[in-house]
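# Commentary on secondary and tertiary structure
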Amino acid sequence: MPVEVVGVKDVLKGLEFIDEDMRQRIRTAIDPLMRGVAFKAKGFVKSNDDVLSGWAKASGNPGTFPKYEANVVRAGIGYNPGENKTFRNGFKVSNYVYNASRPGAIYEVAGRLNPQGRAPFQMTPSQGASGTYTKRSARSKAFQEYKSNNPFASQQFVAALEPVTSQPKIKDIRGGGRKTKGRLIYKAWAQDSTKVYDAILKAINATAIDFNKKTEIKKAA
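Residues numbered from 1 in each chain as written. Predicted model: local features only at pLDDT ≥ 70, side-chain atom pairs only at ≥ 80, totals over all residues. Heavy atoms only, no water.

## Quick notes on helix H4 (residues 102-109)
Where H4 is concerned, the buried positions are Pro-103, Gly-104, Tyr-107 and Glu-108. Across the axial projection of H4, the buried residues extend over an arc of 140°, all falling on one side. Looking at the buried residues of H4, the elements they touch are helix H2 (53-56), helix H3 (70-75), strand S5 (96-99) and helix H7 (185-213). One side-chain oxygen of the residue at the start of H4 lies 3.0 Å from the amide nitrogen of Gly-104, identifying that residue as Ser-101. (Buried < 20%, exposed > 50% of the residue type's maximum accessible area, 1.4 Å probe, protein only. Helix = DSSP H or I, 4+ residues; strand = E, 2+ residues; numbered from the N terminus. Arc of directions from axis to C-beta. Contact = heavy atoms within 4.5 Å. Polar contact = N/O pair within 3.5 Å; in protein donor to acceptor, adjacent residues only side chain to side chain.)

Printed below as a string of structure tokens:
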């Protein structure tokens, strides 16, 4: 059966600009959501009284362990719309939330690799908060590697923090693994990522629907 395509020029013109339309829709859809992730992450920042007292009282001098200051951590969290460009073969939307301060980065990921810190001993829980400490390895050089007068400092530091939050499993979305676990921006992303992905899909579908409306294909009479 013969088919007549009405508006071929409009179709070709639409193909040239469909990427730009989709890019703008995606950017418009996710911008407020990403700003919301940054705002939520700031809400997870603990006050100076809620972290180990020694951390909040650190000197903060250059070359030393950074002092924890809640206002510095909050100020270091923000949103950047990033690079948003259209190319001949597609487009790029790069929006991200960042955690830039040194104490903020430490609070975010401390213990992500070693949940019990890098102490030369590991604790085997028994009942409640009690447990038995045993040397990690008979060949451990931990005592030689640590400059701290307290070999348990790392373990105690991590234990005083809340557990890191993992990302939820989302269908057709590749997980980020250990590197996307955290307590501030990664925790906020874990709670809101599904909203962002849904907004992207809706923007793509809206572009397709709008494009189809402007493209008319009819069967020849």
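## Topic: the environment of Gly-182
On the secondary structure map, Gly-182 appears in the loop between helix H6 (153-159) and H7. Among the residues examined, Gly-182 registers a relative accessible area of 0% and is labelled buried. Aside from chain neighbours lying at most four places away, what touches Gly-182 is Glu-108, Val-164, Thr-165 and Lys-187.

## Notes on the side chain of Asn-99
Looking at where Asn-99 falls in the secondary structure, it is placed in strand S5. Take Asn-99: its relative accessible area is 16%, and that puts it in the buried class. At 3.1 Å, the side chain of Asn-99 and the side chain of Glu-108 are in polar contact. Discounting residues that sit within four places of it in the chain, Asn-99 has contacts with Gly-76, Ile-77, Gly-104, Ala-105, Glu-108, Leu-184 and Ile-185.

## Regarding the nonpolar core
Core analysis: the largest hydrophobic core is formed by 29 residues, its most contacted members being Val-45, Trp-55, Tyr-68, Val-97 and Leu-184. Elements with a minimum of two residues in this core: helix H1 (8-43), H2, H3, strand S2 (77-80), H6 and H7. Here this core gets seven residues from one element, more than from any other, and that element is H1. Ignoring anything within four residues of it in the chain, the contact list for Leu-184 reads Ala-41, Phe-44, Val-45, Val-73, Ile-77, Asn-99, Gly-104, Tyr-107 and Glu-108. (Core = buried A, V, L, I, M, F, W, Y, C linked by side-chain atoms within 4.5 Å.)

## Here we look at the pairing of S5
Here S5 shows a buried face lined by Val-97 and Asn-99 and an unburied face lined by Tyr-96 and Tyr-98. Two elements, S2 and S5, share four bridges in a ladder whose sense is antiparallel. Considered in S5, the bridge of Tyr-79 is made with Val-97. (Pairing = 2+ DSSP bridges.)

Geometry only, nothing functional implied.
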